Amino acid sequence: MHAIHAVQAGMNDPNDQNWGSYNFAVRDRARWHGEGFALTVDWIYSYLTAQDKADIQKVFLYWANAINTQYQSPIDHGLNGVPDTGPKARNATNNYYTGLFRNLVMMVLSLDPADDPPVDPTKDALAWGNSLRSYMPYIQNRWMKQLYAQYGPGGAAEGGAHPEGSYYGLENMGFFRQAILALETAGYNDPSVSGPYIDITDMPFWDGLIDATIKSTPNNPVIVPPSSYMGKVFQIDNYGDNQHFWLPDASLTQSFAPMGIYDGLKGNTARLNTDKWLVRDFAPGGAPYLYAHAANIWPNNYASLAIFYFMLFDPNAPAPADPRPGMSTSFFAKGMGRMADRTSWSAGASLFTFLSSHQSVGHQHGYSGMFGFNRKNEWLTKELTQYASDNKGLASEFHNTLSLKNDDLPASALSSEWWAAEINKRGGQWVYAGYNNGDPTLTTSMQNDYDYAQTDLTNLYNNPYGAKDILHASRSIVWLKPDMIVIYDRAASGTDGRFKRFNLWLPSQPTITGNTASALSLSGTQKLNVTSLQPAGGALTVTSSTYEPINAIASDEPMHAKLVIEDPTNPKNVRFLTVLEGLDAGASPSQAVGIQSSGGTAFAGAAVNQTAVLFPVDIAKPFSGVTYTVQSGVSKQLVTGLTPNAKYDVAVQNAADGVQITVTQGSTYQPIAAACWSSAINRD
């Protein structure tokens, strides 16, 4: 009761910046540990006096009003918070929103109706703000509605990939799951009681969150020498702000322990097993470190997590089984445009990831179009993982995507937004709601032998405050399983002399020879070979990750060098055609040969490993047929950028320099819905 009385003493005192301040209820202390007050009230309820409960009601109403009016709350009652629709509505996926949602739910549920009398006896107890329970309809119809809108169908997080990434996202979803557990155990997980938005408790997002976590991670944990004291860690390919290149045990427990307790109550034994495995085996150190993690509650005040460990793990229950052998190998989340796919669940597998998303929530970076590639349990390329506390990391050059110099923003725009100067200088994609011209578009296909994505990124490079010179930016990418990646990038500005750069992060300084580069993995047993086929005369340069001070590169980050490809003449219009191959250190790389169409709609591509991959040069131009020639050894073709569900005819004939192929609109072949057509090259 000491805290309750301290709040009472300082309530509404503008000079009290501690207990009595509204900020106490809506900022970091509340977001991290605010559940402790309502939980404690619930646990000691029978020992509280009538006066104690009256004091608690007064303070909880004060905090509930702060939550509903001050920060990251839904718009209603004339309040200024998160809107229902548009980019700013995605703030419902922010960790403050869910943290405060949890606190509000638990405070509202903490007092029995008899101990929650109306503040104004002349009004209905359920009049908004007149009792704690008066906020329950608001929770059900406003907070839950906005959560369902963002995590359900059509939402920013649909499919399970969280907009804040796994580092913040799992903590965030822990707050969410704690609120769900409270609603379940208090009898509110019932549409007849709470209305339709109570579906947040069991929506498909939760299975997707598990998939997003596991499938973005190599098969085996590894010892990382700087952090060997932690034991083996899973090096997850994350995105957004991160302090580590692995997931802390607290983040995993925060999310999957309350989910597991809930699954146990609901009889979902299969997912309960996975929840336990993620908390016990996926955390740093794995199962041998379980007791150490459970005991490590200070100085971070993880008391609730210790309780979750106790509730989740029955000492008489069998150890959780590894769920991965029974899982599919591919993952796609529509909300974040997140792909993750692998060749198998084994240490020798290849793993490919891709991301092209809206950029409108805190902790997102200018990363759309980026990809990662892991081979035999080592990352051969991915973004430079970091926490962008100095704002540099927001810029696209620190991610495996394009940097495109735009108009410089006026001084007024740069001074009003503290983070904008670095993006402006570095040609990055604009982040935060309202500071870019909209979302990217994305088309994808995930097949047994290849994955494909095409994304138009133009909106992200322009903004309403003066950066409007990027006329086009798009990326098409194909992963030819298991080891080849072919990328075709299009970039155009309205002004000459502005840089356009292809950025690729590598684990070591590459050796550059002409239009190729080769970088060894950290173990030295593998390498990534890079061949630049376009632009003609493109320059390949490399810089270290320490080429300038960066405040917070993630601990144990394996990327240490950045390869940049650019046309040094900086023309208005540039195309990048780049082929990547992962292979053992002593193996010879495959030859990559460029392809240029000779008739019809302009296409360009590459032939590698007996496969030809073709991309439209201009994705805005309608397809009117294409003719191209491949060398004689090519036996398979993959043509992207076609019209979904249309039909085509293909003619193949011998040519002096190989095989000529003509694709026209017709009636024989129908590409898959993702506008990508693959076939063998048949010579009659």
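If you're wondering where the values come from, they're calculated on a predicted model, not measured in any experiment.

So what's going on with the overall build of the chain? Which residues, and what values?
Secondary structure summary: the chain contains 17 helices and 26 strands in total. The C-alpha atoms of the chain give 27 Å as radius of gyration, which agrees with the globular expectation for 684 residues (26 Å, within 12%). Reported as C-alpha extents along the three principal axes, the dimensions of the chain are approximately 95 × 60 × 55 Å. Here the chain holds 684 residues, and the buried ones make up 59% of them. Within the chain, counting contacts between residues at least 6 apart in sequence, those at least 24 apart form 69% of the total. Accessible surface, the chain: about 25500 Å² in total, of which carbon and sulfur atoms supply 52%. In the chain, the 45 positive side-chain charges and the 59 negative ones have mean positions that sit 5 Å from each other.

Please provide a residue-by-residue account of the pattern of salt bridges, values included.
Close approach of charged atoms allows side chains with opposite charge to pair. Considering all chains together, one arrives at 29 salt bridges under this definition. Here Asp408 ties to Lys405 by a salt bridge, and the two come within 2.7 Å at their closest N and O atoms.

For the packing of helix 11 (residues 249-266) against helix 12 (residues 269-280), give the residues involved together with the corresponding values.
Helix packing for two helices is described by the angle between their axes and how far apart those axes are. At a minimum axis separation of 8 Å, helix 11 and helix 12 run at an interaxial angle of 155°. Between helix 11 and helix 12, the angle falls in the class roughly antiparallel. At the point where helix 11 passes helix 12, the crossing takes the left-handed sense. Here Leu252, Thr253, Phe256, Ala257, Met259, Gly260, Tyr262, Asp263 and Gly264 of helix 11 lie close against helix 12, whose contacting residues are Arg271, Leu272, Asp275, Leu278 and Val279. Counted by class, the contact of helix 11 with helix 12 contains 8 nonpolar, 3 polar and 3 charged residues.

Which residues make up the nonpolar core, and what values go with them?
Counting 81 residues, the largest nonpolar core has Phe60, Phe101 and Phe176 as the members making the most contacts within it. Considering every element that reaches this core, the biggest residue donor is helix 5 (residues 50-69), with 9 residues. Excluding anything up to four places from it in sequence, Phe176 contacts Thr98, Phe101, Leu147, Tyr151, Ile200, Met203 and Trp206. Leu402, Tyr461, Ile487 and Ile565 belong to the second-largest nonpolar core, a separate cluster that totals 32 residues.

Give me the lowdown on helix 12, citing residues and values where you can.
Helix length check: helix 12 (12 residues) gives 16 Å between terminal C-alpha atoms against 16 Å at 1.5 Å per residue, within 8%. Arg271, Leu272, Thr274, Asp275, Lys276, Trp277, Leu278, Val279 and Arg280 are the residues of helix 12 that are buried. For helix 12, the secondary structure elements touched by its buried residues are helix 8 (165-185), helix 10 (205-215), helix 11, helix 13 (290-295) and helix 14 (303-312).

Now, about the sheet that holds strand 7 (residues 441-446): what can you tell me, with residues and values included?
Ordered by their spatial adjacency, 8 strands build an open sheet running 7-8-9-10-17-14-13-12, and the pairing between neighbours is antiparallel. With one partner strand each, in any of the chains shown, strand 7 and strand 12 (511-513) form the two edges of the open sheet. This sheet shows a mean twist of 15° between the axes of neighbouring strands, independent of strand direction. Across 8 bridges, the pairing between strand 14 (residues 526-534) and strand 17 (residues 573-584) is antiparallel. Looking at strand 17, one finds that Lys527 is bridged to Leu583.

So what about the pairing of strand 11 (residues 500-506)? Which residues, and what values?
Successive side chains on a regular strand alternate, one facing one side of the sheet and the next facing the other. Burial runs high along strand 11: 6 of the 7 residues are buried. In this structure, strand 6 (residues 402-404) lies alongside strand 11, joined through 3 bridges in antiparallel fashion. Residue pairing in the sheet places Leu402 in a bridge with Phe502 of strand 11. Examined bridge by bridge, strand 11 and strand 16 (residues 561-566) share 6 bridges and lie antiparallel to one another. If you follow Phe502 over to strand 16, its bridge partner there is Ile565.

Lay out the sheet that holds strand 5 (residues 378-381) in plain terms, naming residues and giving numbers.
Spatially, the 5 strands line up as an open sheet ordered 1-2-3-4-5, and their pairing is antiparallel. Edge positions in the open sheet fall to strand 1 (330-333) and strand 5, since each of these has one partner strand only. Adjacent strand axes in the sheet meet at a mean angle of 15°, parallel and antiparallel pairs treated alike. Bridge analysis of strand 1 against strand 2 (residues 338-342) gives 4 bridges, and the strand direction is antiparallel. The residue of strand 2 that forms the bridge with Ser330 is Asp341. Against the sheet, helix 10 makes contact with strand 1, strand 2 and strand 3 (350-355), and its axis sits at roughly 125° relative to strand 1, the strand it touches most.

So what about the packing of helix 7 (residues 136-151) against helix 8? Which residues, and what values?
In contact at an axis separation of 14 Å, helix 7 and helix 8 are set at 130° when each is read in the N-to-C sense. The angle between helix 7 and helix 8 places the two elements in the oblique class. Taken as a pair, helix 7 and helix 8 cross one another with a handedness that is left-handed. On helix 8, the residues that touch Met144, Leu147 and Tyr151 of helix 7 are Asn172, Met173, Phe176 and Leu183. Residue composition of the contact of helix 7 with helix 8, by class: 6 nonpolar, 1 polar and no charged.

Quick rundown of the packing of aromatic side chains? Include the residues and the values.
Applying the stated rule across the entire model yields 32 aromatic pairs. Aromatic ring contacts, followed pair by pair, group Tyr97, Phe101, Trp143, Tyr151, Phe176, Phe205 and Trp206 into a single cluster. The ring centre of Tyr262 lies 4.8 Å from the NZ or CZ of Arg177, which sits over that ring.

How would you sum up helix 6 (residues 95-110)? Please name residues and give values.
The terminal C-alpha atoms of helix 6 lie 22 Å apart, and with 16 residues this matches the ideal 22 Å at 1.5 Å per residue to within 8%. Counting buried residues in helix 6 gives 15 out of 16 residues, a clear majority hidden from the surface. The N-cap residue of helix 6 is Asn94: its side-chain oxygen and the backbone nitrogen of Tyr96 are 2.8 Å apart.

Give me the lowdown on the environment of Leu642, citing residues and values where you can.
Inspection of the secondary structure puts Leu642 in the loop between strand 23 (636-640) and strand 24 (648-655). Each C-alpha atom of the pair Leu642 and Gln51 lies 72 Å from the other, and the pair is 591 residues apart in sequence.

If you had to explain a nonpolar patch on the surface to someone new, which residues and values would you point to?
Residues Trp43, Ile44, Tyr47, Ile307, Phe310 and Met311 make up a contiguous nonpolar surface patch of roughly 730 Å² in combined accessible area. Among the structural elements, Met311 can be located in helix 14.

Any chance you could break down the side chain of Asp390 for me, citing the residues and the numbers?
Mapping Asp390 onto the fold places it in the loop between strand 5 and strand 6. We note that Asp390 is buried and unpaired, the nearest opposite charge coming from Lys392 at a distance of 4.5 Å. Residues within four places of Asp390 in sequence aside, it is in contact with Glu422, Pro549, Ile550 and Asn551.

An account of the environment of Phe371 is needed here, citing residue identities and associated values.
Mapped onto the secondary structure, Phe371 falls in strand 4 (residues 370-375). Not counting chain neighbours up to four residues away, the residues in contact with Phe371 comprise Phe352, Thr353, Phe354, Thr381, Lys382, Asn400, Arg475, Ile477, Ile485, Ile487, Leu504 and Leu580.

I'd like a rundown of unusual backbone geometry, residues and numbers included.
A cis amide bond links Lys481 to the next residue, Pro482, at an omega of 10°. As for its placement among the helices and strands, Pro482 is situated in the loop between strand 9 (470-480) and strand 10 (484-493). Look at the link from Gln534 to Pro535: it is a cis peptide, with omega at 5°. Along the chain, the position of Pro535 falls in the loop between strand 14 and strand 15 (539-544). Even without a glycine there, the phi angle at His363 is positive, about 80°. The topology assignment puts His363 in the loop between strand 3 and strand 4. Its relative accessible area of 16% is what places His363 among the buried residues. The phi torsion at Asn570 lies on the positive side, around 50°, for a residue other than glycine.

Rules used throughout
Residues numbered from 1 in each chain as written. Predicted model: local features only at pLDDT ≥ 70, side-chain atom pairs only at ≥ 80, totals over all residues. Heavy atoms only, no water. Helix = DSSP H or I, 4+ residues; strand = E, 2+ residues; numbered from the N terminus. Rg over C-alpha atoms; globule rule 2.2 N^0.38 Å. Buried < 20%, exposed > 50% of the residue type's maximum accessible area, 1.4 Å probe, protein only. Contact = heavy atoms within 4.5 Å. Areas by Shrake-Rupley, 256 points an atom, 1.4 Å probe, with all protein chains shown as cover. Lys, Arg positive; Asp, Glu negative; His and termini not counted. Charge placed at Lys NZ, Arg CZ, Asp CG, Glu CD. Salt bridge = Lys/Arg side-chain N within 4 Å of Asp/Glu carboxyl O. Axes fitted to C-alpha atoms, helices over the stretch in contact; angles between N-to-C directions. Parallel < 35°, antiparallel > 145°, perpendicular 65-115°, else oblique. Left-handed = near helix turned anticlockwise from the far one by under 90°. Nonpolar A, V, L, I, M, F, W, Y, C, P; charged D, E, K, R; others polar. Core = buried A, V, L, I, M, F, W, Y, C linked by side-chain atoms within 4.5 Å. Expected span 1.5 Å × (residues − 1). Pairing = 2+ DSSP bridges. Phe/Tyr/Trp six-rings, centres within 6.5 Å; stacked < 30°, edge-to-face > 60°. Lys NZ or Arg CZ within 6 Å of the ring centre and 35° of its normal. Polar contact = N/O pair within 3.5 Å; in protein donor to acceptor, adjacent residues only side chain to side chain. Patch = residues over 30% accessible without salt bridge, like charges linked within 9 Å, V, L, I, M, F, W, Y side chains within 5 Å.

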